[in-house]
Amino acid sequence: MRSSYKESDVIFLLKDITGMVQPQPTEEREKEIQAGRHYCEMLPIEYVPTPKYMETYREALRHDAKPTAKAVGTLADKIMQKKGERVVLVSLARAGTPIGILLKHFLRQNYHLDVPHYSISIIRGRGIDRNAMKFLLGKYRPKDLLFVDGWVGKGAILKELQKEISAYPGVSPELAVLADPANVTELCGTHEDILIPSSCLNCTVSGLVSRTFLRGDIIGENDFHGAVYYGELEHADLSYHFIEAIEKEFSFQKGTGEGLPAGRGGKETAEKLGMDERSPQKDLGIDEVKQIAREFGITDINLVKPGIGETTRVLLRRVPWKVLVRQDCKNDKSLAHILRLAEEKNVPVAYYPLKHYKSCGIIKKLADA
């Protein structure tokens, strides 16, 4: 699979289907999705940012590079403590890919390790790419594989991963993410709903690669899942601009270059690394999502997309009905791009007593679907 990333940073285990699928307008795709067609059988026309939105993105990068870099460092240290130096990063395309690259760079600079990094597809309702898993397990020990994504919204992909990985003995179903406001994984940089600036854009901050695609007439039995390379957008590619902006904010702890001793854990390690010890599984974001769905009369929970990253996705590639913003976040700079997109698309913004999340996007139910 082609991408604008260096192969030394990531190897995409994807089939290049450039020119084989006609991207569809957002409204057309939304009608088909709500009529029962799976989203992975179509590709969206990529949102072309307005100059004003790009100003907002650049401001988000200035404002949120430091907390993003801190989350990368915290997560990298947790990974070393949990998995050790033979870890193989397997990012979930495409939101996980830039995060995997950042982790790879951090581990190289702070732990002097050059860990392998691959990017593979997992699709809600269709599962993980089994041919990609077969490839990885032909090269590496099952226990060394670690799945990486950008953030957790309500935990749908984590649930999909847990279900799928049960078929692979020895492979951990854990998901390492920068932000886990849903409170479902210990392997996170933070449980806060932070803005990861790469969520603000689509392919132009993801190696010019589309979201992943799976349809029987194009993806054969022995093929990897597919993706498109948007070569026509090379002039607007910011993939390494994003990576470098976050890397400038990396801070390294003296003495961690040898890694953390295997088996050390618990409170002592958490205190040493400044980890958030909020325990997963007790106070879950999904409970808040269900409450939002009840309050707004939404019967399909998949139409409720909580968290900054998921709200941004709703505005960029779905048909939004409403955006909820936490009441104390009216002037929060990490939500500026969301408010800009909502204004551009005439989507109403309501201030709501969110608990786990700073924002939540709700997809419009299309009556004529």
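Procedures and definitions
- Residues numbered from 1 in each chain as written.
- Predicted model: local features only at pLDDT ≥ 70, side-chain atom pairs only at ≥ 80, totals over all residues.
- Heavy atoms only, no water.
- Helix = DSSP H or I, 4+ residues; strand = E, 2+ residues; numbered from the N terminus.
- Contact = heavy atoms within 4.5 Å.
- Buried < 20%, exposed > 50% of the residue type's maximum accessible area, 1.4 Å probe, protein only.
- Right-handed = clockwise from strand over helix to strand, strands pointing away.
- Axes fitted to C-alpha atoms, helices over the stretch in contact; angles between N-to-C directions.
- Parallel < 35°, antiparallel > 145°, perpendicular 65-115°, else oblique.
- Nonpolar A, V, L, I, M, F, W, Y, C, P; charged D, E, K, R; others polar.
- Pairing = 2+ DSSP bridges.

Caption draft 1: Expanded view of the environment of G309. The residue G309 is located in helix α9 (residues 308–317) in this model. With 29 residues separating them along the chain, G309 and I338 place their C-alpha atoms 9.6 Å apart. Once you skip the residues sitting within four places of it in the chain, G309 turns out to touch W151 and S199.

Caption draft 2: Highlighting the pairing of strand β7 (residues 145–151). The buried fraction of β7 amounts to seven of the seven residues, a majority that puts the element mostly inside the structure. For the handedness criterion, the β-α-β arrangement of β7, helix α5 (residues 156–165) and strand β8 (residues 175–179) is classed as right-handed.

Caption draft 3: Quick look at the packing of helix α2 (residues 51–83) against helix α3 (residues 96–111). α3 packs onto α2 with a crossing angle of 70° between their chain directions and a minimal axis gap of 10 Å. The angle between α2 and α3 falls in the class roughly perpendicular. Contact residues: α2 offers V72, G73, L75, A76, D77, I79 and M80, while α3 offers L102, L103, F106, L107, N110 and Y111. Within the contact of α2 with α3, the residues separate by chemical class into 10 nonpolar, two polar and one charged.

Caption draft 4: Structural view of the sheet that holds strand β12 (residues 320–326). An order of β11-β14-β12-β13 is seen for the four strands of this open sheet, with the pairing classed as mixed. Looking at strand neighbours, the two that pair on one side only are β11 (304–306) and β13 (349–352), the edges of this open sheet. Along the sheet, successive strands turn relative to each other by an average axial angle of 25°, direction set aside. Bridge count between β11 and strand β14 (residues 359–363): three bridges; the pairing is antiparallel. Among the inter-strand pairings, V304 is bridged to a residue of β14, identified as I362. Its contacts with the sheet put helix α8 (residues 285–295) on β11, β12, β13 and β14, and the angle it makes with β11 is roughly 140°.

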